[in-house]
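# Residue-level structure breakdown
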Amino acid sequence: MLLKIQLYVLSLWLLFLLLFVNKINIPVYFEKESTNGIKELIISNAIPIICLIFIFSGFLFYYKFKYIIEDGVTKPEQITEVEDHNWEHLTFLVTYVVPLLSFDLDFDLSKERNGLMFILILFIIGVIYVKTNIYYTNPTLALLGYHIYKVSTQNKRHVILITKDSISKEDFIESKHISDNVFFAIKSNNKHTVSTNNLSNLVNTKLT
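Described below are features of the structure shown in this document. Owing to the predicted nature of the structure, the values given are computational and were not obtained by experimental measurement.

### Quick word on the overall build of the chain
- When helices and strands are tallied, the chain shows eight helices and five strands.
- Helices and strands appear in the chain in the N-to-C order α-α-α-α-β-α-α-α-β-β-β-β-α.
- Residue burial in the chain is summarised as follows: out of 208 residues, 38% are buried.
- When contacts within the chain are restricted to residue pairs at least 6 apart in sequence, long-range pairs at least 24 apart make up 63% of them.
- Summed over its atoms, the accessible surface of the chain is roughly 12900 Å², and 62% of this surface lies on carbon and sulfur atoms.

As structure tokens, this is what we get:
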């Protein structure tokens, strides 16, 4: 659950970056002897500051994600079926991120409800993102070079792979379970292990 929430925040990294660029408001100069200059600057840039916090959090979550997926992969398995699902990154970006940029966040909650609606929509999308299996549709991971594949192997059927490698049918992969039917995978060159195991199984079958 926690990993899904962190991946959701990471998926919105581009949204927060674009909002930061759009809403940042730094004056060319401050008035001399102004005691409230810094305070006014912080107040006028509340939204960009919040965006910076989420951007920084996204970086932390990404490095935590890298640490998780690099720790302990399975033995090599051969892919028997493969489908490219990279288009799902673009679907999430166009469906959720781009429309959220249209909100006017220069709001007064006593007069406007755009800010409240923005927060509620982010929360609702987050709940759906976490409760379902779509948390792997992450445009930030796509920008960082990750691909999505739906594959079947000798031991798994119709699972989702997140990988930096280009995967094809009959390739060998080593995978790390993330959550549900989603795995991180790397292409494996260690085919000898699989061949040896298959030979041992064949020998054992004949002996019995």
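### A short note on the packing of aromatic side chains
- All told, the structure shown has six aromatic pairs when counted by the stated rule.
- Plain terms: the ring middles of Tyr62 and Tyr146 are 6.4 Å apart, the flat faces sit at 80° to each other, and that makes the pair edge-to-face. One end of the pair, Tyr62, is in helix 4 (residues 46–69); the other, Tyr146, is in the loop between helix 7 (139–143) and strand 2 (147–153), and 84 residues separate them in sequence.
- Taken together, the ring pairs in this structure connect Tyr62, Tyr63, Tyr146 and Phe184 into an aromatic cluster.

### A short note on the pairing of strand 3 (residues 159–163)
- Taking burial as the measure, the five residues of strand 3 include five buried ones, the bulk of the element.
- Neither face of strand 3 is open: one carries Val159, Leu161 and Thr163, the other Ile160 and Ile162, and all of them are buried.
- As paired strands, strand 2 and strand 3 are joined by five bridges and run antiparallel to one another. Paired with Val151 across the strands is Val159, a residue of strand 3.
- As consecutive antiparallel partners, strand 2 and strand 3 are separated by five residues, and within that stretch His158 has a phi angle of approximately 55°, a positive value.
- Of the strand pairs in this sheet, strand 3 and strand 5 (residues 182–187) are connected by three bridges, and their pairing is parallel. Bridging from a neighbouring strand, Leu161 pairs with Phe183 of strand 5.

### Section: the sheet that holds strand 1 (residues 77–84)
- If you walk around this closed barrel you meet the five strands as 1-2-3-5-4, and the pairing is mixed. The average undirected angle you get between the axes of adjacent strands in this sheet is 50°.

### Examining the pattern of salt bridges
- In the structure shown here, the tally under the stated rule is three salt bridges.
- A salt bridge links Asp171 to Lys187; its shortest N-O distance comes to 3.6 Å. Linking Asp171 in the loop between strand 3 and strand 4 (172–179) with Lys187 in strand 5, this pair joins segments that are 16 residues apart in sequence.
- According to the relative accessible area criterion, Lys187 is partly exposed, its value standing at 37%.

The rules behind these values
Residues numbered from 1 in each chain as written. Predicted model: local features only at pLDDT ≥ 70, side-chain atom pairs only at ≥ 80, totals over all residues. Heavy atoms only, no water. Helix = DSSP H or I, 4+ residues; strand = E, 2+ residues; numbered from the N terminus. Buried < 20%, exposed > 50% of the residue type's maximum accessible area, 1.4 Å probe, protein only. Contact = heavy atoms within 4.5 Å. Areas by Shrake-Rupley, 256 points an atom, 1.4 Å probe, with all protein chains shown as cover. Phe/Tyr/Trp six-rings, centres within 6.5 Å; stacked < 30°, edge-to-face > 60°. Pairing = 2+ DSSP bridges. Axes fitted to C-alpha atoms, helices over the stretch in contact; angles between N-to-C directions. Salt bridge = Lys/Arg side-chain N within 4 Å of Asp/Glu carboxyl O.

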